[in-house]
Structure formats: structure tokens, C-alpha cells
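Structural characterization, general
As a plain string of letters, each chain reads:
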2 protein chains.
Amino acid sequence: MRVIVDAMGGDNAPAEIVKGALAAHGKKNVEIVLVGREEAIRSAAAEQGGVPDSVRVVNAAEVIEICDDPATAFKQKKDSSITVGLTMLKNGEGDAFVSAGSTGALLSAATLMVKRVRGIRRAALCPVIPTAAGQAVLIDCGANAECTVEYLVQFAYLGSFYAKRMLQVKSPRVGLLNIGAEPSKGDDLRRETYQALTAAAEGGELNFVGNIEAKEALKGGCDVIVADGFSGNIMLKTIEGAASFLGGEMKKMFLQSTKTKVAGLLMKDALRQFKELLNPDRIGGTAFLGISRPVIKAHGSSGAAAIENAVYQAAAVAESGIIADIEANIDSMRLSSHREG
Amino acid sequence: MRVIVDAMGGDNAPAEIVKGALAAHGKKNVEIVLVGREEAIRSAAAEQGGVPDSVRVVNAAEVIEICDDPATAFKQKKDSSITVGLTMLKNGEGDAFVSAGSTGALLSAATLMVKRVRGIRRAALCPVIPTAAGQAVLIDCGANAECTVEYLVQFAYLGSFYAKRMLQVKSPRVGLLNIGAEPSKGDDLRRETYQALTAAAEGGELNFVGNIEAKEALKGGCDVIVADGFSGNIMLKTIEGAASFLGGEMKKMFLQSTKTKVAGLLMKDALRQFKELLNPDRIGGTAFLGISRPVIKAHGSSGAAAIENAVYQAAAVAESGIIADIEANIDSMRLSSHREG
């Protein structure tokens, strides 16, 4: 799998991006293409013994910054690493694209250049979050602040395909994120989506388990959490905030006294595992589901390890058959089909 | 302060409710009135040596159940503990009302029987959540799934008064819960509310600090988090879920081996403090702000300790002057006043 990596995106570009991408090169059947300012890439790679001959470096002189208008940046900066990289993806010069750059700019560029799968209304972000029972796909978590019933129904399918193909869940339990379990709970959007998902489930295409509250979702009550991008983002950022807060309090707890410091030493291995559980670098990135080719957004603060994982994830998405799933099922994913049926 | 307690509401009614209410009686200047099935109350109190003569018990033969329609239950069950208790509150036979019963039924009953302060569009739930810097008021967190700009502006004021009077914050920093910091972020509701809150802040009445992401809010970035009831509830339940999940993982961590078990013993005191931090019973209940008299909702799963704290909180709200604050500032809280000004 040939993975195109945006060497210029993210807080730690290009050094950590180049380091992480080169670490993945040649492993797990991955071949890397680096896109960005060639000089900066080669100088960043010098520490790793330079860029191997087998890695293609494609020069792109411009960089899309966080302050650029996300909707138009890719057009205004035609020679940016995102624009050049996505053009290559579109033209088949690579199997997937990874960037730690601006989410908004990447989403606009992917949507307008690479395009959505025909029939998909909106692309969505679908991070995998840890739960007490393992993990769950949270879709959407920020790409679409305002959603319609059809978007949410499509997110349910997209998330379900992702859980099947990437997390090896046979019949993913799809829950609609809501503020209560009963069908009458929430706002009009939730009540109508509940009905539409129930109809979709009757066709046997989705395993819809009903509304799910955030607390139950974190207990592992479903494998796919369907949300509008606003509340999905609130959930995701609250998890991050709560983990960071409790992690900090735990650290304080171990530093309270000599006794607790000794306890900390005894706990060293267990604490490392605990930290790993909260480590956002574990998974690496978030797929933009609904785009016709694999595009992975790595966290803006990604270090080399996170980028390396995002590259493997990108290759896995490209190999998984998710996009073929979407194309094959697009008729069921149109809201009209359920209404007629 | 005379606090009327619904003895029949909640998972542990009447035993734990009666126990908690009687524990508060006579302390911190609190006098208890118990409302519910008199026989059940007296039999529950038998363990605590019976109901003291100074505690009034008011018989109410019916109980509003979770399965009753929240909007109409208080009318259909005129002799329920909620209906009888709120009638007493309205008539001045008590200074505040506490119930661990159905949130929806309590809210409908309080709104329609006790009424909102004149000019207040919607009552809101405002739990106090822990943050890395101390605590913050989250308003609304579930009463109003669908909100207008004016509701959110009023929540900002209500939360601000609560933080001033109940948490002793001099000039509470008010943040609008959003998925990014810039004024352009989020949906139309957030963009318009941002403008309205900015206008309100120019009048010097509110200390609006702008949009706040959930993660920053948990770091302590503001004292009042303004949200529609849908996303506020997602935030609240995600905090609960994440705390329970991480608490569970921590427990596993300490049970891994003999070494970690020894560490657990060394950490005993520190762990107790950590647990206390996550203990939802600490604060007790959530005020319904905007109602013309103090109504406090205790958690459905409240035990005696939570009820005791909810009673103190109810007395504190009644003494605080929050309702006078709202009445005195209601003109600024009407959206038209900002638009005209």
C-alpha cells in the first residue's frame, strides 16, 4: 500500500511527521510518499540517516496554515502539501493520504478534490474511542455541526462498515447518541432519526440498538455511536478533558507523600498500561468516511509514533474494502429508499 | 430555612430519603418537612428512632413513577408527593423543595405550578461539575433539548448568578460551549448566541469570555458553561461515564499483582480523596434555575448522604438571593433589550 503523507501538517511538522512516516516505510507492506517542502523534508530526515531511495519525495512549496480559510485554502494554495497530495491520491499515485494539518482545510479539500462517494451527503470523522468493554466508533465528531436525518442515517452505515472492517465486529451494534433511551427523547432530529434507523434496521442492513446515553456508550453499550458533529465533538473533547483531568489528579495522588511515592514505584508497570489506555497516539488518526478514497486525519499534536500509527491505519483502511461496502450499499443509505420501503 | 422533601422520589425512596432528610434536620438552621405516604415515612424513620416531633409529615397518597407522562403526571396525580410538596412551596409553607423523583415530571410541575420568574423563557438544570481548577456551573444540562438564542443568553445570566451566590465567584467567567474557540465556530445557534452574549457583556452585566471547548472547560477555562440541554447533557453524562470507566480501570490496575495490591494499601488515604472527587453525592443536587422558588433535583440514585447534601444546598439557594438577582436583572435578560441597546 502506498501511503501519501503530508509532511507539513501539524504542530510538529516536518520533523516528527517525517520521522514517523519513515519509521512505517517498508513495514506492514507500506510504501511512503512524502509531500511538502523538499528541502525541509530532507533536512528533517537527516537525523534518521536521510530519505531512503525507495521513498518518493514530492515537492510542494506552500503550507496551509491554521489561520487560512479552511473552505478555500486548498484552492488559494495550489502548491500546498494538502493540495498536491490529494491530487496524487485522486490520480491513483497513492492508496491513501495522511495529514496532521487543519481538519477543516483537509475536509474541504478532500470533499471538493477527491469527492465523496456518489450518494453520500456529507463526509464524517469517525475516531475510535476506548470504552469499558473495548472500543467504539464515534461518528461524526466535528465535521458537520448541523445535520439532517439523512446525514445521521448515513453516518450509521459508515460507522457500521468501519466497525466491521477495521475493528472486526461481526454485527456492529449501532446506537443513536441521545439524552435518554426512550424513542421520544431528545430533539426532533433525534426522534426522526430514531424512526429512520428503525426502518433501516428492519431491512436487516443495520443492527440498530436504539438511543444510547453518553454514559452507557462509555460502558460499551454499542459499537457505533451516531451523533451530529456538534454533540459528537462535545463527547470526544469531554472524554479527552476528563482523562487529562483525572490523569492529573492521579499524578498528584502519587506525589502526596513518601508512602504514595513508594506506591508509585510499585505501580510503575501498571501505570504505564493505564497511561497507554489514555494515549491518543495509540490509534493514530481519524478516517474521513464518505470520501471516495482513504483520507486520514492525524491529531494536530501528533508525534512520530502517532504518525506511524496513522500510516498503518491509512493502509488498513485502503485494504479493508470499506469504500467498496459504501458503494455497494449506497441505495439503502439514501433516505428515500427507507421511506418508500 | 424550611426545606420540603419529597420522601417518595428516587430509586431508594423512602428509606434513604427519610434518613438523609432527618440527618439534616436541625443542622445548619434547616427544618425538614416530609411529604409522601405517611405510613411509609414513619416506618422508614423507625430505624432512626422515629420522626422527631419538630418534623412535619404531610401525607400524600400517590407517587409519580418514572413511567408516568412527565408533562401531565402532577395533574393526574393531584395527591402525589411532588404535587402536594410544590403546592406547599408555592403557598409559602416552605422555603425550598427537594426531590429525587423524575426530572421531567418535577420540571413540568415546578414550571406550571410554582411558575418561572416573570420574563424567564425556560428553567434550566445547573449542576456543578469538578474541573482541574476547582468547579464550574454547567447550564443547561438536560431540561431543554432544543434552545433559542434567548434561552442561552438567559442561561448565561442564571449560571452567572449561581456561581456568584453559591460558589462565591466574584465575576464568573461565562463560556459558550462550542466545538472551537473562534466566533465563527459551531452552528447558527452558537454563532448568534456568541453575538448576543458579546452584546450583553458590553453592558458590563456579564463576564463573557467567548466560546469554550469541552476540554478547555474541564481544565477550568470558565466558571459557567452555557449549553443547550442536549449537548450539556452529553457533556455531563460523558464526564460521569469517563470517570466511572477510568475509576474501574484504576481499580483493575491496583488488583494486578501482589506488588500493586501493596501499593493500593499505601495509597489508601489518597485513594479515598480521589474517590471523593468523583463522588456525585458531594454536591447533592441540581437547582432548577428560573423557577420563582427554589426547587432542587437530587440524583435518582441518591442515598442518604446525597439527600442530606441536597437539603443543605436547597437551604443555601433559598438564602442566597439568586431569585432576587434574577428578578432585579430580568430586563437585561430579555433578548430585545440587547438588540435595541
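Look above for the structure.
From a predicted model like this one, the values you see are computed outputs, not experimental measurements.

**Considering the environment of A:I225**
Residue and element names in this part refer to chain A.
- Looking at the element boundaries, I225 is found in strand β10 (residues 224-226).
- Spatially, the C-alpha atom of I225 lies 15 Å from that of A287, the residues being 62 residues apart in sequence.
- With near-sequence residues (within four places) excluded, I225 lies in contact with I129, A136, V137, L138, I139, G175, L177, A217 and M235.

**Digging into the interface of chain A and chain B**
- Listed by partner, the interface residues are 51 residues for chain A and 51 residues for chain B.
- Buried area between chain A and chain B, summed over both chains or domains, comes out near 4,500 Å², and the portion from carbon and sulfur atoms is 76%.
- When residues of chain A are sorted by the area they lose upon contact with chain B, A:I179, A:F230 and A:F245 head the list and together hold 15% of the total.
- Across the chain A-chain B interface, the total number found is six salt bridges.
- Across the pair B:E146 and A:R191 runs a salt bridge, and its minimum N-O distance is 4.0 Å.
- Where chain A packs against chain B, one counts four residue pairs in polar contact (both at pLDDT 80 or more).
- When residues in the side of chain A that touches chain B are grouped by element, the largest group, 19 residues, is from helix α9 (residues 229-254) of chain A.
- Per-class residue counts for the side of chain A that touches chain B are 27 nonpolar, 12 polar and 12 charged.

**Remarks on the sheet that holds strand β12 (residues 295-298) of chain A**
Residues and elements named next belong to chain A.
- An order of β3-β2-β1-β4-β12-β11-β5 is seen for the seven strands of this open sheet, with the pairing classed as mixed. Where the open sheet ends on each side, the last strands, each with one partner, are β3 (56-59) and β5 (124-125).
- Pairing between strand β11 (residues 285-289) and β12: three bridges, direction antiparallel. Across the sheet, T286 pairs through a bridge with K297, a residue of β12.
- Relative to the sheet, helix α5 (residues 103-114) contacts β4 (96-99), β5, β11 and β12, its axis offset from that of β12 by approximately 175°.

**Points about helix α11 (residues 268-277) of chain B**
Residues and elements named next belong to chain B.
- Buried within α11 are the following residues: A270, L271, F274 and L277. Down the axis of α11, the smallest arc covering the buried residues is 110°, so these residues share one side. Opposite the buried face of α11, at more than 90 degrees from it, the exposed residues are K268, R272 and K275.

**Things to note about the side chain of B:D140**
Residues and elements named next belong to chain B.
- Structurally, D140 can be placed in the loop between β7 (134-139) and α6 (149-167).
- The buried charged residue D140 lacks any salt bridge partner; its closest oppositely charged side chain belongs to R122, at an N-O distance of 8.9 Å.
- A polar contact of 3.5 Å, which involves the side chain of D140, links it to the backbone nitrogen of G142.
- Polar contacts involving the side chain of D140 include one to the main-chain amide nitrogen of A143, which spans 3.0 Å.
- Discounting residues that sit within four places of it in the chain, D140 has contacts with A124, L125, F155, A227, D228, G229 and G232.

**Describing the packing of aromatic side chains**
- A complete count under the given rule lists five aromatic pairs over all chains for this structure.
- Their ring planes at 75° and their centres at 5.4 Å tell us that B:Y194 and B:F208 sit as a pair that is edge-to-face. With B:Y194 in helix α7 (residues 188-202) and B:F208 in strand β9 (residues 207-212), this pair connects stretches of sequence that are 14 residues apart.
- Above the ring of A:Y312, the side-chain terminus of A:K28 is found at 4.4 Å from the ring centroid.
- Across the ring face of B:F230, the terminal group of A:R190 is positioned such that the distance to the ring centre comes to 3.9 Å.

**Here we look at unusual backbone geometry**
- The residue after B:A13, namely B:P14, is reached through a cis peptide bond having omega -5°.
- Relative to the assigned elements, B:P14 resides in the loop between β1 (2-6) and α1 (15-24).
- Look at the link from B:I139 to B:D140: it is a cis peptide, with omega at -5°.
- Here A:N29, not a glycine, exhibits a phi torsion of approximately 65°, which is positive.
- Looking at the element boundaries, A:N29 is found in the loop between α1 (15-24) and β2 (31-36).
- Its identity is not glycine, yet A:Q168 carries a phi of approximately 55°, on the positive side.
- Among the secondary structure elements, A:Q168 is positioned in the loop between α6 (149-167) and β8 (173-177).

**Remarks on the relation of the copies chain A and chain B**
- With an RMSD of 0.0 Å, the fit of chain A onto chain B corresponds to turning through 180° and sliding 0.0 Å along the axis. Both copies are brought into coincidence by an operation consistent with a two-fold rotation axis. In terms of proximity to the rotation axis, the leading residue of chain A is A:A263, whose C-alpha is 2.1 Å off the axis.
- Of the residues that chain A buries at the interface, 100% are likewise interface residues in chain B, meaning the two copies contact each other through the same surface.

**Focus: the sheet that holds strand β8 (residues 173-177) of chain B**
Residue and element names in this part refer to chain B.
- Taken together, the five strands give an open sheet; going across it, the order is β6-β7-β10-β8-β9, and neighbouring strands pair in mixed fashion. The open sheet terminates on both sides in strands that have one partner only, identified here as β6 (128-131) and β9. Strand-to-strand twist in this sheet, taken as the mean axis angle between neighbours without regard to direction, amounts to 30°.
- In the sheet, β8 pairs with strand β10 (residues 224-226) via three bridges, with the strands oriented parallel. Along β10, the bridge assignment pairs V174 with V224.
- Taken strand by strand, α6 contacts β6, β7, β8 and β10, and its axis lies near 145° from that of β7.

**Digging into the nonpolar core**
- Counting residues in each nonpolar core, the largest one holds 92 residues, and the members touching the most others are A:L86, A:M235, B:L86 and B:M235.
- Excluding residues within four positions of it along the chain, A:M235 makes contact with A:I129, A:L138, A:L177, A:A214, A:A217, A:L218, A:I225, B:I234 and B:T238.

**Quick word on the packing of α6(B) against α7(B)**
Residue and element names in this part refer to chain B.
- Orientation of α6 relative to α7, taken along the N-to-C sense of each, is 45°, at an axis distance of 9 Å. Compared by their axis directions, α6 and α7 come out oblique. Where α6 crosses over α7, the two elements pack in a sense that is right-handed. The segment α6 lies against α7, with V149, L152, V153, A156 and Y157 engaging L189, E192, T193, A196, L197 and A200.
- Here the residues of the contact of α6 with α7 are counted per class, giving nine nonpolar, one polar and one charged.

**Considerations on the pattern of salt bridges**
Residues and elements named next belong to chain A.
- Evaluation of the coordinates by the stated rule reveals 36 salt bridges over all chains.
- In this structure, D223 engages R173 in a salt bridge whose closest nitrogen and oxygen atoms are separated by 3.0 Å. Of the two residues, D223 sits in the loop between α8 (214-219) and β10 while R173 sits in strand β8, which places them 50 residues apart along the sequence.
- Here R173 falls in the partly exposed class, since its relative accessible area comes to 30%.
- Two residues, E216 and K219, come together in a salt bridge whose shortest N-O distance is 3.5 Å. Within this pair, E216 and its partner K219 are both found in helix α8, separated by three residues, close to a single helical turn.
- We classify E216 as partly exposed; its relative accessible area is 34%.

About the thresholds
Residues numbered from 1 in each chain as written. Chains lettered and ligands numbered in written order. Predicted model: local features only at pLDDT ≥ 70, side-chain atom pairs only at ≥ 80, totals over all residues. Heavy atoms only, no water. Helix = DSSP H or I, 4+ residues; strand = E, 2+ residues; numbered from the N terminus. Contact = heavy atoms within 4.5 Å. Buried area = accessible area lost by both parts, 1.4 Å probe. Salt bridge = Lys/Arg side-chain N within 4 Å of Asp/Glu carboxyl O. Polar contact = N/O pair within 3.5 Å; in protein donor to acceptor, adjacent residues only side chain to side chain. Nonpolar A, V, L, I, M, F, W, Y, C, P; charged D, E, K, R; others polar. Pairing = 2+ DSSP bridges. Axes fitted to C-alpha atoms, helices over the stretch in contact; angles between N-to-C directions. Buried < 20%, exposed > 50% of the residue type's maximum accessible area, 1.4 Å probe, protein only. Arc of directions from axis to C-beta. Lys, Arg positive; Asp, Glu negative; His and termini not counted. Phe/Tyr/Trp six-rings, centres within 6.5 Å; stacked < 30°, edge-to-face > 60°. Lys NZ or Arg CZ within 6 Å of the ring centre and 35° of its normal. Least-squares fit on C-alpha atoms with pLDDT ≥ 70 in both. Core = buried A, V, L, I, M, F, W, Y, C linked by side-chain atoms within 4.5 Å. Parallel < 35°, antiparallel > 145°, perpendicular 65-115°, else oblique. Left-handed = near helix turned anticlockwise from the far one by under 90°.

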